[in-house]
Amino acid sequence: QAKLFSRGKVQYFKASLRQAAKDRIELLTGLREAFSSERLFLYYQPQIDLRTRRVIGAEALLRWRNQHGEFIPPDRFIPLAEQSGTIIPIGAWVLRTACAQLKQLIDLGYSDFRMAVNVSYAQFREPDFVDVLTKVINEACVPAQQLEIELTESIAIEDPISINQTLSAIRALGIKVAMDDFGTGYSSLSVLNKLRIDRLKIDRAFVADVSPVATDGNLARVIIHLAKDFQLSVIAEGIETESQLNELIKMGCDEGQGYFIAKPMDAKTFVDWLMADAK
Ligand code: C2E
Ligand code: MG
Ligand code: MG
Ligand code: MG
């Protein structure tokens, strides 16, 4: 009788599971350590009005640099931070830091600058999330209208009634809400009907498909039209070429960000970049 698994393979499988668990614990310990020793910081990527090419704001992106000076990508540590709850204090720190940066920019004369901050569903669903937001904007002395939170569609899988209660409270404060990575979740279309948001953010996978030759079946175009129908503003992420930028303008996209415009930069480089741009 043929055996499905040899004992050796089972052992190997267990060993690799054990290794994976060990890696996760090490990563999480490292993250907590980095947070307490201030080795987490924010990068800022400009967002522009596509037609005027004027900078209207920036997205704050979390960065972790370990003791060896290497960057650990957010896609590796954010899911872990979400599962472990560490995202709650880290996320509050991200909000405070981004708002302090916003205040500095306003004081430098960028009076209507908008700061976009990614918020995990784990943060959003905390009963005191709206209080945290209120406190952050008050302490930073920034207008709520100039803060935007980016949520992913995954929130729409959860109970839309309680989500809308929180969204309404956030928007009553004046804070804007964008739906990040739009089009990649299961629930894209029902999001539009169910949730009260201000802006759709086209996922960069669809922006990569934008080209002057591909005329039909273009999802970026579909999303832009959807946004217009629902009277939402629309921003494209991951614009890497001038041709993508031009096509998005033709499709009626309002705003954009991406390597073609500028990569995410540390705070000082970002402010220098902004000032150089103004000439
Ligand atoms: P996201 O919010 O969709 O952010 C956009 C990602 O695309 C960023 O990756 C950005 O660096 C990258 N990007 C920007 N322009 C281009 C481009 O032209 N081409 C390409 N290929 N990529 C581009 P990053 O910084 O690695 O962040 C990855 C994800 O991690 C973010 O996706 C967001 O979901 C999450 N994240 C980042 N910071 C935070 C945070 O403070 N809190 C939470 N909860 N999540 C965060
Ligand atoms: Mg984002
Ligand atoms: Mg995105
Ligand atoms: Mg993303």
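Computed from a predicted structure; not experimentally measured.

Definitions and limits used
Residues numbered from 1 in each chain as written. Chains lettered and ligands numbered in written order. Predicted model: local features only at pLDDT ≥ 70, side-chain atom pairs only at ≥ 80, totals over all residues. Heavy atoms only, no water. Axes fitted to C-alpha atoms, helices over the stretch in contact; angles between N-to-C directions. Helix = DSSP H or I, 4+ residues; strand = E, 2+ residues; numbered from the N terminus. Parallel < 35°, antiparallel > 145°, perpendicular 65-115°, else oblique. Left-handed = near helix turned anticlockwise from the far one by under 90°. Contact = heavy atoms within 4.5 Å. Nonpolar A, V, L, I, M, F, W, Y, C, P; charged D, E, K, R; others polar. Buried < 20%, exposed > 50% of the residue type's maximum accessible area, 1.4 Å probe, protein only.

Asks: Could you clarify how one ought to interpret the packing of helix H3 (residues 87-107) against helix H5 (residues 129-140) in this entry?
Replies: Two measures define how a pair of helices packs: the angle their axes make with one another and the distance between the axes. In contact at an axis separation of 9 Å, H3 and H5 are set at 30 degrees when each is read in the N-to-C sense. Classified by the angle their axes make, H3 and H5 are roughly parallel. Remark: the crossing between H3 and H5 carries right-handed chirality. Facing H3, whose interface residues are Ala92, Leu95, Arg96, Cys99, Ala100 and Lys103, H5 presents Phe129, Val132, Leu133, Val136, Ile137 and Ala140. For the contact of H3 with H5, the per-class residue count stands at ten nonpolar, no polar and two charged.

Asks: Any chance you could explain the environment of Phe260 here in plain terms?
Replies: Relative to the helices and strands, Phe260 resides in the loop between strand S9 (255-256) and strand S10 (265-266). Relative accessible area serves as the criterion here: at 31%, Phe260 is assigned to the partly exposed category. For the pair Phe260 and Gly238, spaced 22 residues apart in sequence, the C-alpha to C-alpha distance is 8.3 Å. The contact partners of Phe260, leaving out residues within four places of it in the chain, are Arg53, Ile239, Glu240, Thr241, Glu242 and Leu245.

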